[in-house]
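Chain and residue survey
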Amino acid sequence: MNERLGNTIETKEREPFGRNVEIRARFLRHGPKDLESWQLTEEGVAASKEYGEQFEPSASGENYILKAYTSEIDRAQETAETIVENINTNRKGHTRIRLELGEKDEDVKMETDALNLPYSEYIKLSRNEEQIGDKAISLHKLAQRVASQIENFIKLSRRLKSDSRADLINITHLPWLSAFVKEVVGQKLEEETDQKKKKEVESKITDLGYLDGFELIIKRDDDDVRLSLQVGENEFPLTEESIRQLLED
């Protein structure tokens, strides 16, 4: 055997990162808000606390990490901080703000009627932009930003120590979550023959409650990456290509 090639293979076989890694990323709407101030209510704080207390970490020990990511908007940050504070684990990283999940000047009521339409109609209207200050925003752009966050987590899975487990909590807002789910499973729902499943997922898109959302599971073993989207009790396989395609579209 070529000595140089043999050394390369041995190094790869001993590679301590990116093998048998699993990330469970929950994307949730913030807790209940006051309809006048748009701040998190006392009920919202209590609901976030309860969510944290009931959260079951997927692992423990040195190869486990729990982290939260949140939009820049106050009620999302407070939701994330309250949840993390009440989760029963000592393996907590710093909560970080991600503008992909919402900026303060985007705290406005968006037009979301397109989410109620069949995918073939939605996908056209989702590009319609609303002017918010100096920026233009659309449902499609919000879906792309969630996809960007997921793409970052896929890259992260490569850098985690082998045999690692991570729970990543992402607190954001209804249009971001609903638009992403609509874009990645909307076409499949149009073809879905199981009417119960179809209605359950559609309700998650059009009528998403507080502290509700979806879970994105990433399983990596070296170059083998598998993604699945859990919406309620329903699971949809995704691929890296489908995430890239959404970002490029």
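Residues numbered from 1 in each chain as written. Predicted model: local features only at pLDDT ≥ 70, side-chain atom pairs only at ≥ 80, totals over all residues. Heavy atoms only, no water.

**Structural notes on the packing of helix 6 (residues 174-191) against helix 7 (residues 195-206)**
It is the contact of helix 6 with helix 7, at a shortest axis distance of 10 Å, that shows an interaxial angle of 155°. Here helix 6 is positioned roughly antiparallel relative to helix 7, judged by the angle of their axes. The element helix 6 and its partner helix 7 pack so that their crossing is left-handed. Across the interface between the two elements, S178, V181, K182, V185, L189 and E190 of helix 6 pack against K198, V201, E202, K204 and I205 of helix 7. (Axes fitted to C-alpha atoms, helices over the stretch in contact; angles between N-to-C directions. Helix = DSSP H or I, 4+ residues; strand = E, 2+ residues; numbered from the N terminus. Parallel < 35°, antiparallel > 145°, perpendicular 65-115°, else oblique. Left-handed = near helix turned anticlockwise from the far one by under 90°. Contact = heavy atoms within 4.5 Å.)

**Some thoughts on the packing of helix 2 (residues 42-54) against helix 3 (residues 74-85)**
Across the interface, helix 2 lies against helix 3 with an axial gap of 7 Å and an inter-helix angle of 40°. Between helix 2 and helix 3, the interaxial angle falls into the category oblique. In the crossing of helix 2 with helix 3, the sense of the turn from one axis to the other is right-handed. Of the residues in helix 3, those touching helix 2 at V45, S48, K49, Y51 and G52 are E78, T79, T82 and I83. Across the contact of helix 2 with helix 3, the residue classes break down as three nonpolar, four polar and two charged. (Nonpolar A, V, L, I, M, F, W, Y, C, P; charged D, E, K, R; others polar.)

**Thoughts on the sheet that holds strand 1 (residues 21-29)**
Strand order in the open sheet formed by seven strands is 3-2-6-1-7-8-9, and the pairing between neighbours is mixed. Each end of this open sheet is capped by a strand with a single partner; those strands are strand 3 (96-97) and strand 9 (234-238). Relative to strand 7 (residues 213-221), strand 1 runs antiparallel, the two being bridged by eight bridges. From the neighbouring strand, F27 faces strand 7, where its bridge partner is F214. The strands that helix 6 touches are strand 1, strand 6 (165-172), strand 7, strand 8 (224-231) and strand 9; relative to strand 9, the one it contacts most, it runs at about 80°. (Pairing = 2+ DSSP bridges.)

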